[in-house]
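Chain by chain, the residues:
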Amino acid sequence: MKLKNLILMAAIATMPLVACNANGASTNATEQAAPAAAAPEKPDLGFLTAMGLDVSNLNIINDVWEFTVDMIDLNKDQALKLLPMAQFLFDGDIYDGRYYITAAKALPDGYTMLLYGWETGDDASLQMMAIYDKGGNITDFMQLGNMGEFSDIEQNEAYTQGRAQMTDINLKFTAPGVFTLDKTVKEADWQRDPNDDNGERQATKVYWLVQTLETYSVDGSGHIALDSRKEVKREGTPNEEYESSTAINDLARLPMSDATRIDKLNDLAGKMKQTLGVEKYAGGAGFNVISAIGEIFASNPDAFFQWLYKNRDRNNLIVEHLQKGITHSYIYKSVLDEAINQMTDKAAQKYVKDLTAGWQPE
């Protein structure tokens, strides 16, 4: 299986970076416990072999993640065991081979990082990251998006040249338990040689480019924390859609252990709606907020519902966008109901069930 290729800055600047401590509480990144000084050269993948998976050819990350074609397809039971949130991601449809492991990395304190691919349909895939303890229990999860996205804007009939927005994300470890995501997004003209069997498309003229560098660390409880995010290069002027969608997507990609991400998304949505105006916001940024809510909900439904319950007396945009997501079938009502049925806090469950009872797709 091959890997598929295909805001407002002021608002972001006002939002402090936070992380989660061992108990899941919010702390400043500078207060995050430093990762251990060393990690084994190879991860202990016994919890994978115990599931009947052949890990002999699995890509082991040293300092830099590099793409290989050696991947491990997961059947439905294996996917649910390793990624419990899979039952809520996208449409909740899990079939053999939809999820697959692409690489593994040994971390300090006996933790293991696994990278996954996720088939979304239409010959597309997204990448994800999960952390596991020695027993194979998941301790954190984070969406990475399409690390090699190629989104066409226009092209000729022969599909030999065109214009596209391209995203490249490189993963590199700078210390044990510390890694960076180096992301470059650009809009460029492209062309391809029709006689090239690989059909690779090469950028010929770049209209704009933005490169950012994010640094993360994994603590002694197996939680991922965003330590810093900075822009390191900018050429040209990105379109407005890039600025707003990037701001929202950055929040959606925060690890599930980050207890502040829903508050941040709610605050950012409010600022964007006020700045852009209701009509312009609904036509672009609002849809991206719905998508972000869907990802945050799916990664940790219980934490999402607890936030709704604790903020039930507060006017917020999360509920409004969640309902719109259900109405327009961006979020499946059946998936939402299944997650509600699994809640253990009965008071919160009743509130969320009553809140969403009348919501139905158009």
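Up top is the structure.
(A) Highlighting unusual backbone geometry. Here Asp109, not a glycine, exhibits a phi torsion of approximately 65 degrees, which is positive. Assessed through its relative accessible area of 45%, Asp109 is described here as partly exposed. In this structure, Ser329 takes a positive phi of about 60 degrees despite not being glycine. Within the fold, Ser329 resides in the loop between helix 9 (317-327) and helix 10 (333-341).

(B) Looking closely at the packing of aromatic side chains. Under the defined criterion, the tally for this structure stands at 13 aromatic pairs. Judged by centre distance (5.0 Å) and plane angle (50 degrees), the ring pair of Trp208 and Tyr242 falls under tilted. Placement of the pair is Trp208 in strand 11 (residues 201-218) and Tyr242 in helix 4 (residues 240-252), with a sequence separation of 34 residues. Take Trp208 and Tyr242: they sit in the same class, and that class is buried. Between Phe287 and Tyr330 the ring centres are 5.1 Å apart and the planes differ by 80 degrees, which places this aromatic pair in the edge-to-face class. Placement of Phe287 in helix 7 (residues 285-299) and of Tyr330 in the loop between helix 9 and helix 10 is noted, with a sequence separation of 43 residues between them. Phe287 sits in the partly exposed class, given a relative accessible area of 38%. In textbook terms, an aromatic cluster arises when at least three aromatic residues are bridged by ring pairs, as seen for Phe88, Phe297, Phe304 and Phe305. Directly above the aromatic system of Phe173 lies the positively charged group of Lys105, at a separation of 4.7 Å from the ring centroid. The ring of Tyr207 has Arg163 sitting right over it, with the charged end atom 3.6 Å from the ring centre.

(C) Structural context of the pattern of salt bridges. The tally for this structure, following the rule as stated, stands at 17 salt bridges. Between Asp250 and Lys183 there is a salt bridge, and its shortest N-O distance comes to 3.7 Å. With Asp250 in helix 4 and Lys183 in strand 10 (residues 178-192), this residue pair connects regions lying 67 residues apart in the sequence. Per residue, the accessibility class of Asp250 equals that of Lys183, and both read buried. Between Glu243 and Arg234 there is a salt bridge, and its shortest N-O distance comes to 2.9 Å. On the basis of relative accessible area, Glu243 is assigned to the buried category, the value being 13%. Connected via shared salt-bridge partners are Lys183, Glu214, Arg229, Asp250 and Arg253.

(D) Representation of the nonpolar core within the structure. Grouped together as the largest cluster of nonpolar side chains are 87 residues, with contacts concentrated most on Leu83 and Phe179. Leaving out residues up to four positions away in the same chain, Leu83 has contacts with Tyr99, Tyr116, Met128, Ala130, Tyr132, Ile138 and Phe141. In this structure, Phe150, Met166, Ala188 and Trp190 belong to the second largest nonpolar core, which totals five residues.

(E) Summary view of helix 11 (residues 346-356). For helix 11, the set of buried residues is Ala348, Gln349, Val352 and Thr356. Each buried residue of helix 11 lies within a common arc of 100 degrees when the element is viewed along its axis, so the set occupies one face. Residues of helix 11 that are exposed and angled more than 90 degrees away from the buried face: Lys346 and Lys350. On its buried face, helix 11 sits against helix 8 (301-310) and helix 10.

(F) Just empty space enclosed by the protein, in detail. The calculated volume of the second largest cavity comes to roughly 30 Å³. Lining the second largest cavity are Phe141, Met142, Gln143, Ala252, Leu254, Arg261, Glu295 and Ser299. Of all elements in the fold, only strand 7 (138-145) and helix 7 reach the threshold of two or more residues within the lining of the second largest cavity. Looking at which element gives the most residues to the lining of the second largest cavity, the answer is strand 7, with three residues. A per-class count over the lining of the second largest cavity returns four nonpolar, two polar and two charged.

(G) Fine view of helix 7. For helix 7, which comprises 15 residues, the first-to-last C-alpha distance of 21 Å matches the rise-based estimate of 21 Å (1.5 Å per residue) to within 8%. Across the 15 residues of helix 7, twelve count as buried, placing the element largely inside the fold. When we look at burial in helix 7, the residues that qualify are Ala285, Gly286, Asn288, Val289, Ile290, Ala292, Ile293, Gly294, Ile296, Phe297, Ala298 and Ser299.

(H) Representation of the sheet that holds strand 12 (residues 224-235) in the model. Taking strand neighbours across the sheet as the criterion, the five strands line up as 8-9-10-11-12 in an open arrangement whose pairing is antiparallel. Pairing within the sheet leaves two strands with one partner each, and these edge strands are strand 8 (148-155) and strand 12. Sheet twist, expressed as the mean angle between neighbouring strand axes with direction ignored, is 15 degrees. As defined by bridge partners, strand 8 adjoins strand 9 (residues 161-175) across seven bridges and the pair is classed as antiparallel. The residue of strand 9 that forms the bridge with Glu149 is Thr167.

Cut-offs and rules
Residues numbered from 1 in each chain as written. Predicted model: local features only at pLDDT ≥ 70, side-chain atom pairs only at ≥ 80, totals over all residues. Heavy atoms only, no water. Buried < 20%, exposed > 50% of the residue type's maximum accessible area, 1.4 Å probe, protein only. Helix = DSSP H or I, 4+ residues; strand = E, 2+ residues; numbered from the N terminus. Phe/Tyr/Trp six-rings, centres within 6.5 Å; stacked < 30°, edge-to-face > 60°. Lys NZ or Arg CZ within 6 Å of the ring centre and 35° of its normal. Salt bridge = Lys/Arg side-chain N within 4 Å of Asp/Glu carboxyl O. Core = buried A, V, L, I, M, F, W, Y, C linked by side-chain atoms within 4.5 Å. Contact = heavy atoms within 4.5 Å. Arc of directions from axis to C-beta. 1 Å grid on protein atoms, 1.4 Å probe; cavity = no way out; pocket = protein on both sides within 12 Å on 5 of 7 lines; lining within 4 Å. Points joined across faces, edges and corners; volume = space filled by probe spheres on them. Nonpolar A, V, L, I, M, F, W, Y, C, P; charged D, E, K, R; others polar. Expected span 1.5 Å × (residues − 1). Pairing = 2+ DSSP bridges. Axes fitted to C-alpha atoms, helices over the stretch in contact; angles between N-to-C directions.

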